[in-house]
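Observations on chain architecture
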Amino acid sequence: MCSRRRFLWGIPGVLSVISLCASAWAQMPMPVQSPEIQKDRQVTFRLRAPKATEVAVTGQWAKQGPIKMTKGEGDVWSVTTGPIEPGVWEYSFQVDGLSMIDPGNTAIKPMREPRTSILQIAGEPPLLTDFQNVPHGVVRQHTYFSKSLDRRRELTVYTPPDYDKAVEKKYPTLYLQHGMGDNQATWTAHGKAHWILDNLIAQGKAKPMVVVMMDGHAAIPGKADGQALFESNTALFQKDLFEDVMPFVEANYRVKADAENRALVGLSMGGGQSLTIGLNNPDRFAWVGGFSSAVPKNEAISSALNDPEALNKKLKLLWIGCGKNDFLIKMNEQFIEQLKEKKIKYEWNQSEGDHSWPVWRMYLSELAPKLFQ
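Below is a summary of the structure that appears in this document.

What counts, and at which threshold
- Residues numbered from 1 in each chain as written.
- Predicted model: local features only at pLDDT ≥ 70, side-chain atom pairs only at ≥ 80, totals over all residues.
- Heavy atoms only, no water.
- Axes fitted to C-alpha atoms, helices over the stretch in contact; angles between N-to-C directions.
- Helix = DSSP H or I, 4+ residues; strand = E, 2+ residues; numbered from the N terminus.
- Parallel < 35°, antiparallel > 145°, perpendicular 65-115°, else oblique.
- Left-handed = near helix turned anticlockwise from the far one by under 90°.
- Contact = heavy atoms within 4.5 Å.
- Pairing = 2+ DSSP bridges.
- Buried < 20%, exposed > 50% of the residue type's maximum accessible area, 1.4 Å probe, protein only.
- 1 Å grid on protein atoms, 1.4 Å probe; cavity = no way out; pocket = protein on both sides within 12 Å on 5 of 7 lines; lining within 4 Å.
- Points joined across faces, edges and corners; volume = space filled by probe spheres on them.
- Nonpolar A, V, L, I, M, F, W, Y, C, P; charged D, E, K, R; others polar.
- Salt bridge = Lys/Arg side-chain N within 4 Å of Asp/Glu carboxyl O.
- Core = buried A, V, L, I, M, F, W, Y, C linked by side-chain atoms within 4.5 Å.
- Expected span 1.5 Å × (residues − 1).

Attention shifts here to the packing of helix 3 (residues 193-202) against helix 9 (residues 357-367). Contact pair helix 3 / helix 9: the axes reach a minimum separation of 10 Å and the direction vectors enclose 30°. Overall, the two elements helix 3 and helix 9 adopt an arrangement that is roughly parallel. Of the two possible hands of crossing, helix 3 and helix 9 adopt the one that is right-handed. Contacts between helix 3 and helix 9 involve Ala193, Ile196, Leu197 and Leu200 on the former and, on the latter, Arg361, Leu364 and Ser365.

Here is the structure:
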């Protein structure tokens, strides 16, 4: 009887709490939808910023620069722009001079200092970067302790669609690296490497392969800068790759552990790492590639330059690409001339484009079908 009375007496209190919660919810502003993609590929961007005096959106597709937004009801700034070409694009909001992500969009480019949101517009017919109705692989995240660097590190691994079913099968491995400022998750979250591989494999254009994506920032910031930091970072990255990551991958994944079934490819900073390590170690990697690379100096690859005949015998492919409007194009052209002078075999793709992800996705789409053939 007493418990029943306590229950009845508690009802008004419960109703009061519910009433207070309902009142609080009613006063909360509705979530802002951004970006909103229309059927004609027009896109509306929105941001609630009550105290802002000037807001704009800067998009990778917008050659004219920042697009000003207008303040409307509920302190929401907005603008509709386009049509925007199909693809995967970067954008940010500029709020009184501050660059920031779109808080209404959960798709964020993985970076050391995140400030970029992702806009993806599907193509008709679908692009290689689009999620298509084909068998899909799996992206796995690993946290490991690097004994060589004496600290915790992370890596991302893609396994092809048939990996978990073909339990007796072993696969070749592509070690795929990002550029300065990005991390081990950028090639999948923003580069769409897993969807590119899924689609190429489904079309019969690329061999099923395991793709390993490491954190390319092996050196601790502040220990050095400029060229000294680049060289130190590459050396430490190689140490982690050889002593920790490759043993981990080859112990935990069904991969073939020989040079002819390993590729090392990267973009920008990661391109410099891949060219330096790959050309110095053709006994470990028979497939080497660099996209818009910060190419190594002569002394960093002296063993390759001094014995081109031995290098040519071991390498299956040395693939290098750079956009005509890339700030690293002259450096890459000089590197190509040096390879030509030394009679080192290579494939060179001087494409349209600048130092950006649309170019690097295209390069992966072109290179992946050549690997392990």
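Strand order in the open sheet made by the four strands is 1-2-6-5, with antiparallel pairing throughout. Edge positions in the open sheet fall to strand 1 (36-37) and strand 5 (70-71), since each of these has one partner strand only. Relative to strand 2 (residues 43-48), strand 1 runs antiparallel, the two sharing two bridges. Residue Glu36 lies in a different strand from strand 2, and its bridge partner there is Thr44.

A few words on the sheet that holds strand 10 (residues 138-146). Across the sheet, which stays open at both edges, the eight strands sit in the order 10-11-13-12-14-15-16-17 with mixed pairing between neighbours. Among the strands making up the open sheet, the edge pair consists of strand 10 and strand 17 (347-351). Across the sheet, the mean angle separating the axes of adjacent strands is 15° when strand polarity is ignored. In terms of strand pairing, strand 16 (residues 317-323) meets strand 17 through five bridges, oriented parallel. If you follow Ile320 over to strand 17, its bridge partner there is Trp348. Where helix 3 meets the sheet, it contacts strand 10, strand 11 (151-159), strand 12 (173-177) and strand 13 (210-214), and its direction lies at approximately 25° from that of strand 11. Packing against the sheet, helix 8 (residues 329-342) makes contact with strand 16 and strand 17, and its axis sits at approximately 150° to strand 16.

Let us look at helix 9. Taken across its eleven residues, helix 9 has eight buried, putting it largely inside the fold. Listed as buried for helix 9 are Trp357, Val359, Trp360, Arg361, Tyr363, Leu364, Ser365 and Leu367.

With that settled, consider the layout of surface pockets. Here the largest pocket is characterised by a volume of approximately 220 Å³. Sorting the residues of the lining of the largest pocket by element identifies strand 7 (87-95) and helix 9 as the ones contributing at least two each. If you tally residues by element for the lining of the largest pocket, the top one is helix 9, at four residues. Looking at the lining of the largest pocket residue by residue, the class counts come to seven nonpolar, three polar and one charged.

Moving on: the pattern of salt bridges. Tallying each qualifying case throughout the model produces 16 salt bridges. As a salt-bridge pair, Arg46 and Glu36 come within 2.8 Å of each other at their nearest N and O atoms. Taken together, the residues Arg46 in strand 2 and Glu36 in strand 1 connect sequence positions ten residues apart. What makes Glu36 partly exposed here is its relative accessible area of 22%. Lys324 serves as the salt-bridge partner of Glu352, at 3.1 Å between the closest nitrogen and oxygen. Here Glu352 is found in the loop between strand 17 and helix 9, whereas its partner Lys324 is found in the loop between strand 16 and helix 8, with 28 residues between them in sequence. Counted as one network, the salt bridges with shared partners bring together Glu90, Lys109 and Asp182.

Tyr175, Leu241, Phe285 and Leu318 are the most contacted members of the largest nonpolar core, which totals 37 residues. Those elements that place two or more of their residues in this core are strand 11, strand 13, helix 4 (226-252), helix 5 (269-280), helix 6 (302-306), strand 16 and helix 8. Examining the composition of this core, we find that six residues originate from one element, helix 4, more than from any other. Those residues in contact with Phe285, other than ones at most four positions away along the chain, are Tyr175, Leu241, Phe242, Met246, Ala259, Arg262, Ala263, Leu264, Ile277, Gly278 and Leu315.

Most of strand 3 (residues 55-59) is tucked away: four of the five residues are buried. Judged from the five bridges that link them, strand 3 and strand 7 form a sheet pairing that is antiparallel. Within the sheet, the bridge partner assigned to Ala56 lies in strand 7 and is Gln94. In terms of strand pairing, strand 3 meets strand 4 (residues 67-68) through two bridges, oriented antiparallel. Residue pairing across strands places Ala56 opposite Lys68, the latter belonging to strand 4.

In an α-helix, one turn spans 3.6 residues, which is why side chains three or four residues apart end up on the same side. End to end, helix 5 covers 17 Å across twelve residues, agreeing with the expected 16 Å (1.5 Å per residue, within 8%). Counting buried positions along helix 5 gives eleven out of twelve residues, so the element sits mostly inside the fold. Among the residues of helix 5, Met269, Gly270, Gly271, Gly272, Gln273, Ser274, Leu275, Thr276, Ile277, Gly278 and Leu279 are the ones counted as buried.

If you look at the hairpin formed by strand 1 and strand 2, you'll find five residues sitting between the two strands, and Arg41 has a positive phi there, around 70°. Here strand 2 pairs with strand 6 (residues 76-81) via six bridges, running antiparallel. Each residue of the ladder has a partner; that of Arg46, found in strand 6, is Ser78.

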